[in-house]
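The residues making up each chain are set out below.
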Amino acid sequence: MLRGKKIVLGITGGIAAYKAAALCSGLVKQGADVHVIMTDSASKFITELTLQTLSRNPVHIDTFDERNPEVVTHIHLADLADLVLIAPATANTISKMTLGLADDMLSSMLLATTAPIMIAPAMNVHMYQHPAIMQNMNTLVSRGVLMIEPGEGMLACGYVGKGRLEEPETIIRVVHDFFAAQQQREEMRHLMAGRKVTVTAGGTIERIDPVRYITNDSSGKMGIAVARAAYAMGADVRLIAGSVQVPLPEGIDTVRVQSAQDMYEAVIGEWSHTDIMVQTAAVADYRPKTVHATKMKKNDENLVLELEKTTDILESLGQRKNNQFLIGFAAETNNVAEYAMGKVIRKNCDLLVANDVTIAGAGFGTDTNKVQIYDAQGLVEDLPLMSKDDVAFRLLSIAASRLNGVSAS
Ligand code: PMT
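Thresholds applied
- Residues numbered from 1 in each chain as written.
- Predicted model: local features only at pLDDT ≥ 70, side-chain atom pairs only at ≥ 80, totals over all residues.
- Heavy atoms only, no water.
- 1 Å grid on protein atoms, 1.4 Å probe; cavity = no way out; pocket = protein on both sides within 12 Å on 5 of 7 lines; lining within 4 Å.
- Points joined across faces, edges and corners; volume = space filled by probe spheres on them.
- Helix = DSSP H or I, 4+ residues; strand = E, 2+ residues; numbered from the N terminus.
- Nonpolar A, V, L, I, M, F, W, Y, C, P; charged D, E, K, R; others polar.
- Domains from an automatic or database assignment.
- Contact = heavy atoms within 4.5 Å.
- Buried area = accessible area lost by both parts, 1.4 Å probe.
- Salt bridge = Lys/Arg side-chain N within 4 Å of Asp/Glu carboxyl O.
- Near = heavy atom within 4 Å.
- Polar contact = N/O pair within 3.5 Å; in protein donor to acceptor, adjacent residues only side chain to side chain.
- Areas by Shrake-Rupley, 256 points an atom, 1.4 Å probe, with all protein chains shown as cover.
- Sits in = over half its atoms within 2 Å of the grid points.
- Buried < 20%, exposed > 50% of the residue type's maximum accessible area, 1.4 Å probe, protein only.

Undergrad: How do you make sense of the layout of surface pockets when you look at a structure like this?
TA: To locate leftover empty space, one rolls a probe as large as a water molecule over the atoms. Here the largest pocket defines a volume of roughly 1,600 Å³. Forming the boundary of the largest pocket are 48 residues, of which Gly-144, Val-145, Leu-146, Met-147 and Asp-390 lie nearest the centre. The greatest single-element share of the lining of the largest pocket, amounting to 10 residues, is contributed by helix α9 (residues 168-192). Within the lining of the largest pocket, the residues separate by chemical class into 25 nonpolar, 12 polar and 11 charged. Roughly 910 Å³ of volume is contained in the second largest pocket. In terms of lining, the second largest pocket is formed by 41 residues, of which the most central are Ala-281, Ala-282, Val-283, Asp-285 and Phe-329. Secondary structure elements with two or more residues in the lining of the second largest pocket: α10 (221-232), β15 (307-309), α12 (313-320), β16 (325-332) and α13 (336-346). Looking at the lining of the second largest pocket residue by residue, the classes come out as 16 nonpolar, 16 polar and nine charged.

Below you can see the structure in the form of structure tokens.
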């Protein structure tokens, strides 16, 4: 899997830098072409010569040490990388990445690269748990940076806790899995090409009068991520967007709707020529029974709004299902597994994605999500906290595989 893969290995200045030698050696043994960039501080813990000997490539530290006049080294390394791996990643480097600083060879290359970035943090337990570092790591994850969480145990500083660089063998396995998943995405692209995917996103707006309405916290991020992922996988995508708080994706055919009834009509219009329907939208379960034509006046001390049920779009699709692959979402605050299983069966979904919206970084408005994917038999996958883009890719990979009768592992 690693044969011929170009990995730029960034080593930053913590005691765990010594483990980078074993990591570099292991990656090279698996066939990777490893190019090392060290920060100045890293070179205080481990020598350039060690990494040069193990990688069989020149090691880069100083941005201005340009040895080949034909290239600008940090841009050249940024462009050649199939993967940028930072191990160990110190608190300082993580924070610089978050801010987009470029004051040395590694940070400059990180800004210039479009390759996937994976980081393996290592630091003192209190530094790791510092709110600034936690926030910075969450920001990086939401931008798509892949995180290899540190292990727990005795730290070099004498503390016991979380902050130890993950073992080189584990990091190599994660890198291996990353390239395997990338290859699988390519295969999925093949399976998804030409498929018609309809996605709903955002919340609905249920009018009370011309100036007031009932809605919810959905930003549309999850649904838009699904639409973008399907589009990137080569599908023919139609997005049905309710109220959203983010820009709509360019290049994707989008229909705007307001109410649950509007969304129902738009979805039904797409249904007969849809292969995969993903109902990510947070649709109102109830709407005001009477919509006032003019602004309601403030008269009485109390006001009782009478609400009536909206049509359950997902449930009615489940009843009409023919060859379509139907995916629902469920926003839950408790008894997640039980409610998710109830919905997958009642609404006749092929898959149901449950998110516990009480978890930090999951659910409404966030760039990340933490979901469990169910089918009628039970749990299919329990995904870790990841960007909504990555959740979308994984979900669609499972759907495309099942639709084509191949394994999604
Ligand atoms: O938009 P974001 O800010 O990124 O947030 C994403 C999200 C939290 C909205 C999303 O991940 C999510 O969970 N969407 C489903 C929210 C929801 O309405 O859950 P529910 O359990 O109430 O509904 C279950 C399913 O039935 C959903 O697929 C929903 O679209 C569908 N439904 C619900 C009511 C209704 N009248 N018609 C429906 O089709």
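Undergrad: Please explain the domain arrangement of the protein as it appears in this structure.
TA: Structurally, the protein comprises domain 1 (6-185) and domain 2 (193-404). Here the C-alpha centroids of domain 1 and domain 2 sit 38 Å apart. Taken together, the six residues of domain 1 in the interface contact eight residues of domain 2. A buried area of about 580 Å², summed over both sides, lies between domain 1 and domain 2, and 52% of it is on carbon and sulfur atoms. The largest share of the area that domain 1 buries against domain 2 comes from Val-141, Ser-142 and Arg-185, three residues that together contribute 69% of it. Across the domain 1-domain 2 interface, the total number found is zero salt bridges.

Undergrad: How should I be thinking about the site of the ligand in this particular structure?
TA: Around the ligand there are 29 residues in total, and Ser-218, Ser-219, Ala-281, Lys-343 and Asn-355 lie nearest to it. One nitrogen or oxygen atom from the side chain of Asn-355 is found 2.6 Å from an oxygen atom belonging to the ligand. Computed on the free molecule, the ligand has an accessible area of 770 Å², of which 96% lies beneath the protein chains in the complex. If you map the ligand onto the pockets, it falls in the second largest pocket. Of all the secondary structure elements, the ones that give two or more residues to the shell around the ligand are α10, α12 and β16. Top element by residues in the shell around the ligand is β16. It accounts for four residues. Taken together, the residues that form the shell around the ligand break down as 11 nonpolar, 12 polar and six charged.

Undergrad: Sorry, what's going on with the pattern of salt bridges here?
TA: It is possible for side chains of opposite charge to pair when their charged atoms get near one another. Taken as a whole, this structure holds 23 salt bridges when the rule is applied. The residue Glu-186 makes a salt bridge to Arg-189 at a minimum N-O spacing of 2.8 Å. Of this pair, Glu-186 and Arg-189 both sit in helix α9, separated by three residues, roughly a single helical turn. Given a relative accessible area of 45%, Glu-186 falls into the partly exposed group. The partner of Asp-209 in a salt bridge is Arg-212, with the nearest N and O atoms 2.5 Å apart. By relative accessible area, Asp-209 is classed as buried at 0%. With relative accessibility at 34%, the residue Arg-212 sits in the partly exposed group. Counted as one network, the salt bridges with shared partners bring together Lys-196, Arg-238, Asp-253 and Glu-270.

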